[in-house]
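Each chain, letter by letter, is given below.
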Amino acid sequence: QIQTGIPKLKRGDMWTCIMECRFNIQGEKKESCCDNYAKLKSKLTPHQHSILIDIGRTFPTYNYYSRPLGPGQLAMYNVLKAYSLLDPELGYCQGLPFLVGVLLLHLDTEERVFSALQYLLYDLDMRTMFTPDMIGLQICLYQLTRLLLETEPDLYQHFDSLSFDPSLYGTPWFLTLFGASFPIGFVSRVLDLVMLEGKTAVIKIGACLLSHFAKKLLEFNNVEDLINFIKSDIPECEGSVLESVIARAAQMDVDDKLQVFRVEYTVIQEELSINGGASNADLLNQNKMLKKENDDLKAYINMLEEKLDTQRKQIAQLEQKSKSPSSDESPDKMAEILQCREEALMAAKRKLSLG
């Protein structure tokens, strides 16, 4: 049902069901959340000014949020204020109003929205995208780029040749769940998948969007045109196209790959930290160098294994013909060569495993 689309009037109930089934957000925990929200809502937050400015920019063409400090904006302010007090380390971050704005359209009380926001940020580990260091966002951008390299290598190379950094288009996708430029109906469908998969859903949807429009994106030869197309033209495409992107993303199984990419990011970041950190482009270049070295080692190992197999067969034949005076090679000499090659093979395998 999530993959094919949830009826608008049932979406809030479905999201609540997902939260309750996956993390047992019900009973005493639900009542405690409501009580906590009422207390936090009554307090002041140091982020008040930033929140008030940003809620006026959130879904401005949508009637519920168009009136300054009307019911929609006031509810959004209350939830964001309460969360900034609940989580002082994160506090407030631009992008959160879009997430709260979509939740408010499908959940009937501020308390339920507050509970859902905690579920997304804490239970689904989306919180690290919004913390001051935004480490979660950096990892997601790297994973998106690596996934693009595997699924659309030509497009990846095109972006790389133009030094088109993924942060230029990926940051608003992740921080607003596509809400900054895409239709609110599409954002709701994104959130359907996010409720189940968290950040993974956003990565898959982003990769599917780029893949769907790959031919058109390859036609642009400068960064400005690329940005304009991604931020303006893609969000205005037909609803059926956006729905097909959601359907394709829902069927993708890339959890294992994304975990590998996450480990890659961590390892490469540690290696480059002595140089004061690195950009995603640096990380990708470092990864390509490591991959080439590993591929070369694998080819070398395969070559050694083929030679060893041939050598073993020759030794077996020589042992059978050892009494023949016409033999130019002795089994002992062949065994010595075999031992040397086996040692070289083990050394290559050790280097590959350490790499």
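Residues numbered from 1 in each chain as written. Predicted model: local features only at pLDDT ≥ 70, side-chain atom pairs only at ≥ 80, totals over all residues. Heavy atoms only, no water.

Peer 1: Is there a simple way to explain the environment of Thr109 in this structure?
Peer 2: Mapped onto the elements, Thr109 comes out in the loop between α6 (96-106) and α7 (110-123). Sequence separation between Thr109 and Ala75 is 34 residues; the distance between their C-alpha atoms is 9.0 Å. (Helix = DSSP H or I, 4+ residues; strand = E, 2+ residues; numbered from the N terminus.)

Peer 1: Even after reading the chapter, I still don't get the side chain of Asp192, so can you show me in this structure?
Peer 2: Within the secondary structure, Asp192 sits in helix α11 (residues 184-197). Given a relative accessible area of 0%, Asp192 falls into the buried group. Of the polar contacts made by the side chain of Asp192, one reaches the side chain of Arg11; its length is 2.9 Å. (Buried < 20%, exposed > 50% of the residue type's maximum accessible area, 1.4 Å probe, protein only. Polar contact = N/O pair within 3.5 Å; in protein donor to acceptor, adjacent residues only side chain to side chain.)

Peer 1: Where do I start with the environment of Tyr122 in this structure?
Peer 2: With respect to the helices, strands and loops of the structure, Tyr122 is situated in helix α7. Judged by relative accessible area, Tyr122 falls into the partly exposed class, the value being 41%. Setting aside its immediate chain neighbours within four residues, Tyr122 contacts Tyr83, Asp87 and Arg127. Side chain to side chain, Tyr122 and Asp87 meet in a polar contact 3.4 Å long. (Contact = heavy atoms within 4.5 Å.)

Peer 1: So what exactly am I meant to see when it comes to unusual backbone geometry here?
Peer 2: Outside of glycine, negative phi angles account for most residues, and trans bonds account for most peptide bonds. Even without a glycine there, the phi angle at Phe59 is positive, about 45°. When you line up the elements, Phe59 lands in the loop between α3 (48-55) and α4 (63-66).

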